[in-house]
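Observations on the three-dimensional arrangement
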Amino acid sequence: MLRRVRHETPWLAPDPPRRVNRIFKWLAPGLLVKRWLFLSVGGVLLVGLGVLISLKLTPVFYTGQFLGSIFRFLANQIPNYVSGPLAILMGLLFILWGQTRTLGAITEVLLPGNETELVDVLMQERRLARGPKVVVIGGGTGLSNLLRGLKQYSHNITAIVTVADDGGSSGRLRREIGVLPPGDIRNCLAALADEEKLLTELFQYRFKAGDGLVGHSFGNLFLTAMNDVTGDLEQAIAASSKVLAVRGQVLPATLSDVKLWAELSDGRRIEGESKIPEAKGQIVNIGCSPSHPPALPRAIKAIREADFIVFGPGSLYTSIIPNLLVPEIAEAIATRKIPRIYVCNVMTEPGETLSYAVSDHIRAIDRACGKPLFDAVLVQRRGPSEVAEERYAQVGAAPVLLDRETVLSSGRRIILANVMEESATGSVRHHPQRLAKVLMRWYSRTQGIW
């Protein structure tokens, strides 16, 4: 019988540590600093001892006599129960003062103009390095949005991204140059980069002039150039990650030239990822050509080593399911006995999930994979405002309704939480920090079941 165990995990709260004296922060365990400082002090003592031995200990003899006379004088003048603790206290103060000034000088060099203390940076880096191994599967803006929140909890994040896009700048590069579409990969790299805001603006910049450049994003061209320099997309992503100081990794689901197709309820068969939503039909079956694309080995390895797997958020048929049409990926996920959760969209999407309830999303994923791949579904608790509903109604979209009994009958747990944010214009999306916090809290509470 499965037993629920609650684990208290130190990386749950991304908030900075409580403000305490900086000196005592350096004494905290796990920084991997104090051991090397003590080792260097020991080295200095050994070097000094070696020099004295080389000089036949003559300086040691005279130094010992001199210090002995000083100690005898102090012992006669000051009681040992006063002089002993006083000497120890002064020695500790000198050590702490010297180490603090040394580390302060290092901080000024490594973090110029940064108000964050070096010890705080080290503590945060150690916490994130010990974070769980999270695999996120999807594509589009929904995936990159989630990554912005998750990177505050762990650096061990792997984003497995679809490469079926054939529209916009990615589609043009795919047709004209023959590269795999870099758009979703570009968004994820920017989201996981250290300087996220600046890189996002740079990578999302679209050229407004120039023959052949109009409409292309800088990030797509950057990845395309890297692909040509390194020889394939996997190496291009790895090289780009180093350049951008990406925490975690972004991997394509496959390196095959995958083309999506969908069969609609009216009998039409639509080919091409960008054309499926434009057909405005009800999807009854979806697949890809080739029908069994090989998975990227590193993606399979990441799934097998994962502690937690998250699906979505994102377009159901064109962002999430395309990854699961790679048989090896679906099979690897099915065999893992770890927390697995699907983040359901807040709104339906015309041309993909019109009139879909939560159970329809679950049923579509199960049907495409032939087996259940997740154990719970995260659903927005409170609906959007009337302004947002009216705005989305103009394009035929509506809030995704929760049909609780049908979802529970599928064997899935329901996680209700307010993870949505709404802009002044009425557009809604998942809030990165709220979504990540709910997901990591659920993971910490349920990991013991497996």
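A short tour of the structure in this document, coming up. As the structure is a prediction and not an experimental result, all values here were calculated from the model. In this numbering scheme, every chain counts its residues from 1 along its sequence in written order. Predicted model: local features are reported for residues with pLDDT of at least 70 only, side-chain atom pairs are reported and counted for 80 or more only, and whole-chain, interface and lining totals are derived from all residues. By convention in this description, side-chain values take in all heavy atoms of the structure and omit both hydrogens and water.

**Brief notes about the packing of aromatic side chains**
The following threshold applies: Think of it this way: a Phe, Tyr or Trp ring, Trp meaning its six-membered ring, pairs with another when their centres are within 6.5 Å, and the plane angle makes it stacked under 30 degrees, edge-to-face over 60, tilted otherwise. What counts as a helix is a DSSP run of H or I of at least four residues, what counts as a strand is a run of E of at least two, and both are numbered from the N terminus. The buried label applies to any residue whose accessible area, calculated with a 1.4 Å probe on protein chains only, is under 20% of its type's maximum; exposed applies above 50%, and partly exposed to all values in between. We call a charge positioned above a ring when the Lys NZ or Arg CZ atom is no farther than 6 Å from the ring centre and deviates by at most 35 degrees from the ring normal.
Tallied over the full model, the rule gives 7 aromatic pairs. Look at Phe218 and Phe222: their rings are 6.1 Å apart centre to centre, the planes differ by 35°, and that puts the pair in the tilted class. Linking Phe218 with Phe222, this pair stays in helix H10 (residues 218-230), spanning 4 residues, or about one helical turn. Judged by its relative accessible area of 28%, Phe218 falls in the partly exposed class. On the numbers, 5.4 Å between centres and 35° between planes, the contact of Tyr342 with Phe374 is tilted. Pair noted here: Tyr342 is in strand E8 (residues 340-343) and Phe374 is in the loop between helix H16 (358-369) and strand E9 (376-380), with a separation of 32 residues, a long-range link. Three or more aromatic residues joined by ring pairs form one cluster here, namely Phe308, Trp442 and Tyr443. Lying over the aromatic face of Tyr392, Arg391 brings its terminal NZ or CZ to 5.4 Å of the ring centre.

**Examining the pairing of E8**
We apply this condition: What makes two strands pair is DSSP finding at least two bridges between them. A clockwise path from the first strand over the helix to the second, with the strands pointing away from the viewer, defines a right-handed crossover.
Neither face of E8 is open: one carries Arg340 and Tyr342, the other Ile341 and Val343, and all of them are buried. By the bridge criterion, 3 bridges tie strand E7 (residues 308-311) to E8 in an arrangement that is parallel. Pairing of Phe311 across the sheet is with Tyr342, part of E8. Regarding the hand of the β-α-β motif, the stretch spanning E8, H16 and E9 is right-handed.

**So, unusual backbone geometry**
Cis geometry marks the peptide bond from Ser289 to Pro290, where omega comes out at 0°. By secondary structure assignment, the location of Pro290 is in the loop between strand E6 (283-289) and helix H13 (297-305). A cis amide bond links Gly312 with the next residue in sequence, Pro313, at an omega value of 0°. Residue placement: Pro313 occurs in the loop between E7 and helix H14 (316-324). With phi around 65°, Ser355 is a residue other than glycine that occupies positive phi space.

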